[in-house]
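# Observations on the three-dimensional arrangement
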Amino acid sequence: MLCLAALLVHCVPLAMAQYDICKSWVTTDDGPSWEFYACQPKAMRMKDYVTVRVDPAGITCGDPPERFCTHENPYLCSDECDASNPDLAHPPKLMFDSEDEGLATYWQSVTWRRYPEPLLANITLSWNKSIELTDDIVITFEYGRPTIMMLEKSLDNGRTWHPYQYYADDCMEAFSMPARRVRDLSTTSANRVLCTEEYSRWAGSKKEKTVRFEVRDRFAIFAGPDLKNMDNLYTRLESAKGLKDFFTVTDLRMRLLRPALGGTYVQRENLYKYFYAVSNIEVTGRCKCNLHANLCTFKEGSLQCECEHNTTGQDCGKCKKNFRSRSWRAGSYLPLPNGSPNACAAAGSAFGNCECYGHSNRCSYIDFLNVVTCVSCKHNTRGQHCQHCRLGFYRNSSAELDDENVCIECNCNQIGSMHDRCNETGYCECREGATGPKCDDCLPNYYWRQGCFPNVCDDELLLCQNGGTCYQNQRCICPVGFKGVLCQQSRCEADKQDCDGARGARGSPAALALAVLALQLPGWVDL
Ligand SMILES: *[C@@H]1O[C@H](CO)[C@@H](O)[C@H](O)[C@H]1NC(C)=O
Ligand SMILES: *[C@@H]1O[C@H](CO)[C@@H](O)[C@H](O)[C@H]1NC(C)=O
Ligand SMILES: *[C@@H]1O[C@H](CO)[C@@H](O)[C@H](O)[C@H]1NC(C)=O
Ligand SMILES: *[C@@H]1O[C@H](CO)[C@@H](O)[C@H](O)[C@H]1NC(C)=O
Ligand SMILES: *[C@@H]1O[C@H](CO)[C@@H](O)[C@H](O)[C@H]1NC(C)=O
Ligand SMILES: [Ca+2]
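Let us look at the structure shown here. (Residues numbered from 1 in each chain as written. Chains lettered and ligands numbered in written order. Predicted model: local features only at pLDDT ≥ 70, side-chain atom pairs only at ≥ 80, totals over all residues. Heavy atoms only, no water.)

### Here's the deal with the overall build of the protein chain
Note the threshold: Labels follow the DSSP assignment, with helices taken as runs of H or I lasting at least four residues and strands as runs of E lasting at least two, numbered in each case from the N terminus. Burial here depends on accessible area, computed with a 1.4 Å probe over protein chains only, as a share of the maximum for the residue type. Under 20% is buried, over 50% is exposed, and the range in between is partly exposed. Here, residues are in contact when the closest pair of their heavy atoms is within 4.5 Å.
Each helix and strand in the protein chain was counted, giving 8 helices and 36 strands. Each of the 527 residues in the protein chain was classed as buried or not, and the buried ones make up 41%. Pairs at least 24 apart in sequence give 58% of the contacts found in the protein chain among residues at least 6 apart.

And the structure:
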């Protein structure tokens, strides 16, 4: 009975028996055959499959054992947290247990004894699987909700994080954001990240315990207050850019930034009543299977879609081998009510015999050549069957012909190479003096300066004369009185007047000093 009630509360608008089968055996005029539909797994209690991590180390209470008080009873600090005693310990797993006995079990942090240093904790939930949220995330705090916290999400297994929602009793003060309510969002702002004050004000620790991330209120913007018009929601999910991704996560992180204060200022004389205690984190969602599976199972420690439509991968994100005659596509909720399966097709099955190795969805018949050819080859391929690489790309020898990575950009150095094409192993054709696979190096006896140029001077054959020094193989820096490419020419021979001036000055200490200075300052003589 309890279970049924829970089902009704949680799943009615979400299960809706829509998109729940992937295929059915139907009889048509041409005989029986399979018919395929867009399909998705049922929503599940995702806390049953989560891995949790609490940071920083030592934030969980009980090591060493510690007494704490509550806001209701601030001077009766008789409660104790002791990690070594199972009855008094509060480990992270208690945020995800089922509390069958009806007694709240919870993770608890150390107290704020280090005040005014902030009491910070991160609770990170990871699924190693993309999940589409279908209902509110509900976090239950015992002994009061944080006055400041933040929810973050990741879509790439924790590599990058994005803010999801801000929570504070004063949004302006905590985050310099105006307070908003999800209920006030509109169709164009349904995926806005906002700061809410609804879940952070003090209302007594027993009275208001939950902090929500409101998925339903956001769905309701499209589906109406009772989520009756799911068709409209599904249409929007399909068409509105970024909307589907907004509700998709692989990881969630609660950043607890300031604990409950009991409705007043921090009382320094009793810091034992400030801490975090989380008894439950409810996350309801379904595996993201790109509308190619209606089952998702827990295997080898991770959730995995049971892919249909000849797709494969953790999220059914690609076509099975030998089913890549056109490129993979996600199924679509549209057209209503059954959607489009966008199934992968076996090589040779889709358009007569035109194989496109999954790089094109279209073939066209060229009348005067009497051939069928792939149209708009993707992934930098070209050719009748998209079997060649576009100019400026070369074949990836470790990828099969139907791999998205089959063509690699040549990346020829624009200055060092003749053109942007390369040979089958990625070597570019170099201009004179340039070398290296991409022509971005110079041959010996050449120097790089926006291209390769033959050395003007060096330490072996092209020595600077008369005490000149070779500057970066580009030119000789000549002492006063000499000029020419290798300083081989005395200024006397070249220019009588110059010579006279130089002769007059020669030998004087000032001129010597200048000459030495010139040697030390490349370019100075050039001026
Ligand atoms: C919590 O995670 C954020 C990144 O999301 C990080 O900047 C911060 O240092 C973490 N805080 C703690 C207490 O580990
Ligand atoms: C994540 O899931 C993938 C695919 O199921 C699996 O190969 C990988 O080992 C998992 N990683 C972790 C850290 O569990
Ligand atoms: C997938 O391939 C099998 C053959 O292995 C075929 O019987 C089935 O109809 C295909 N399904 C789809 C959706 O194309
Ligand atoms: C070549 O293809 C393999 C297999 O898909 C891929 O892992 C690799 O990154 C590709 N190499 C390059 C340079 O793109
Ligand atoms: C590509 O060019 C490089 C350098 O000229 C050469 O070593 C290599 O053998 C060439 N590869 C092919 C397949 O021709
Ligand atoms: Ca619990």
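### Description of the sheet that holds strand β15 (residues 277-282)
The strands that make up a sheet are held in pairs by hydrogen bonds between backbone atoms, and each pair lies either parallel or antiparallel. Condition: We call two strands paired when DSSP finds no fewer than two bridges between them.
Judged by pairing direction, the sheet is antiparallel, and its 4 strands sit side by side in the order β7-β15-β9-β13 without closing on themselves. Edge positions in the open sheet fall to β7 (107-108) and β13 (210-213), since each of these has one partner strand only.

### Observations regarding the coordination of the calcium ion (ligand 6)
Condition: We call an atom a donor if it is N, O or S and sits within 2.8 Å of the metal, or 3.2 Å for Na, K and Ca. Water is not counted, so some sites may look partial. Working rule for geometry: tetrahedral if four donors all subtend angles between 85 and 135 degrees; square planar for four, octahedral for six, if opposite donors exceed 155 degrees and the others stay between 65 and 115; irregular in every other situation.
The calcium ion (ligand 6) binds to the protein through Leu94 (O), Asp97 (OD), Glu99 (OE), Thr105 (O), Thr105 (OG1) and Ser279 (O); the donor distances cover 2.3 to 2.6 Å. Because the angles between the 6 donor atoms bound to the calcium ion (ligand 6) fall within 68 to 162 degrees, the donor set is best described as irregular. Spacing between the donor residues of the calcium ion (ligand 6) along their common chain follows L-x2-D-x1-E-x5-T-x173-S. Since its relative accessible area comes to 16%, Leu94 is described here as buried. Judged by its relative accessible area of 25%, Glu99 is partly exposed.

### Points about the pattern of salt bridges
Threshold: Think of a salt bridge as a Lys or Arg side-chain nitrogen and an Asp or Glu carboxyl oxygen that are within 4 Å of each other.
Scanning all chains against the criterion turns up 21 salt bridges. Ionic pairing is found between Glu66 and Arg113, a salt bridge with its closest N-O pair at 2.7 Å. With Glu66 in strand β5 (residues 66-68) and Arg113 in the loop between β7 and β8 (121-133), this residue pair connects regions lying 47 residues apart in the sequence. According to the relative accessible area criterion, Glu66 is buried, its value standing at 9%. Of the charged contacts, one joins Arg253 and Glu152 as a salt bridge, the two residues approaching to 4.0 Å between their closest N and O atoms. With Arg253 in strand β14 (residues 248-258) and Glu152 in strand β10 (residues 148-154), this pair connects stretches of sequence that are 101 residues apart. When sorted by exposure, Arg253 lands in the same class as Glu152, which is buried.

### Some points on the nonpolar core
Heads up, the condition is: Throughout, nonpolar core names a set of buried Ala, Val, Leu, Ile, Met, Phe, Trp, Tyr and Cys residues whose side chains join them through atoms within 4.5 Å.
Within the largest apolar cluster, 64 residues are counted, with the highest numbers of intra-cluster contacts made by Trp107, Trp127 and Ile281. A per-element tally of this core places β8 first, with 6 residues.

### Quick notes on the pairing of strand β1 (residues 23-28)
Examined bridge by bridge, β1 and strand β2 (residues 31-36) share 6 bridges and lie antiparallel to one another. Along β2, the bridge assignment pairs Thr27 with Pro32. Counting the residues in the hairpin turn of β1 and β2 gives 2 residues.

### Things to note about the pairing of strand β17 (residues 296-299)
Relative to strand β18 (residues 302-305), β17 runs antiparallel, the two sharing 4 bridges. If you follow Lys299 over to β18, its bridge partner there is Ser302.

### Focus: the site of ligand 4
Stated formally: Proximity criterion: a residue is near a molecule or strand once any of its heavy atoms comes within 4 Å of it. The term polar contact refers here to a pair of N or O atoms within 3.5 Å; inside protein, the definition further demands a hydrogen-donor-capable atom paired with an acceptor-capable atom, and it admits residues adjacent in sequence only when both atoms are side-chain atoms. Classification convention: Asp, Glu, Lys, Arg as charged; Ala, Val, Leu, Ile, Met, Phe, Trp, Tyr, Cys, Pro as nonpolar; all other residues, Gly among them, as polar.
Every residue lining ligand 4 is accounted for by Asn396, Ser398, Ala399, Asp403, Asn405 and Ile408. One nitrogen or oxygen atom from the side chain of Asn405 is found 3.4 Å from an oxygen atom belonging to ligand 4. Of the residues belonging to the shell around ligand 4, the class tally is 2 nonpolar, 3 polar and 1 charged.

### With respect to the state of the cysteines
How we decide: Throughout, a disulfide means two cysteine sulfur atoms within 2.5 Å of one another.
If you walk through the whole model with that rule in mind, you get 18 disulfides. Disulfide partner of Cys356: Cys374, at an S-S distance of 2.1 Å. Measuring handedness by torsion sign, the sulfur bridge of Cys356 and Cys374 sits at about -105 degrees and is left-handed. Residue Cys356 is found in the loop between β20 (318-319) and β21 (362-366), and its partner Cys374 is found in strand β22 (residues 371-375); the two are separated by 18 residues along the sequence. Take Cys356 and Cys374: they sit in the same class, and that class is buried.

### Some words on the site of ligand 5
For clarity, the threshold we go by: Accessible surface area values rest on a Shrake-Rupley calculation with a 1.4 Å probe, where residue burial reflects the displayed protein chains alone.
In the vicinity of ligand 5, the contacting residues are Asn423, Glu424, Thr425 and Tyr427. The separation between an oxygen atom of ligand 5 and a polar side-chain atom of Asn423 is 2.2 Å. About the coverage of ligand 5: the protein hides 40% of its 360 Å² of free accessible area. Residue classes in the shell around ligand 5 are distributed as 1 nonpolar, 2 polar and 1 charged.

### Considerations on helix α4 (residues 230-239)
Counted only if it meets this: Directions drawn from the helix axis to the C-beta atoms are what define this arc.
The set of residues buried in α4 consists of Met230, Leu233, Tyr234 and Leu237. Axial view of α4: buried residues confined to an arc of 95 degrees, hence all on one face.

### Describing the environment of Ile139
Within the secondary structure layout, Ile139 lies in strand β9 (residues 137-141). As for Ile139 and Ser279, which are separated by 140 residues in sequence, their C-alpha atoms are 7.9 Å apart. The contacts of Ile139, once residues within four sequence positions are left out, are Met149, Lys209, Thr210, Val211, Met254, Val278, Asn280 and Ile281.

### Overview of empty space enclosed by the protein
Note the cut-off: Within this scheme a cavity is a closed region of a 1 Å grid, computed over the protein atoms alone, that accommodates a 1.4 Å probe without allowing it to escape, whereas a pocket is open but has protein on both sides within 12 Å along at least five of seven lines; lining residues each have an atom within 4 Å of a point. Grid points are joined across faces, edges and corners, and a volume is the space filled by probe spheres set on the points.
Tallying each qualifying case throughout the model produces 3 cavities of 30 Å³ or more. Here the largest cavity defines a volume of roughly 130 Å³. Forming the walls of the largest cavity are 13 residues, and the residues nearest its centre are Glu132, Leu133, Phe219, Leu237 and Arg286. At the level of secondary structure, the elements contributing two or more residues to the lining of the largest cavity comprise β8 and α4. It is α4 that contributes the most residues to the lining of the largest cavity, 4 residues altogether.

### Description of unusual backbone geometry
Of the consecutive residues Asp63 and Pro64, the connecting peptide bond is found in the cis state with omega at 5 degrees. Take Pro64: it is sitting in the loop between β4 (51-55) and β5. A cis amide bond links Leu334 with the next residue in sequence, Pro335, at an omega value of -5 degrees. Tracing the sequence through the fold places Pro335 in the loop between β20 and β21. For Asn411, which is not glycine, the phi dihedral falls at a positive 60 degrees. Along the chain, the position of Asn411 falls in the loop between β26 (407-409) and β27 (417-422). Judged by its relative accessible area of 54%, Asn411 is exposed.

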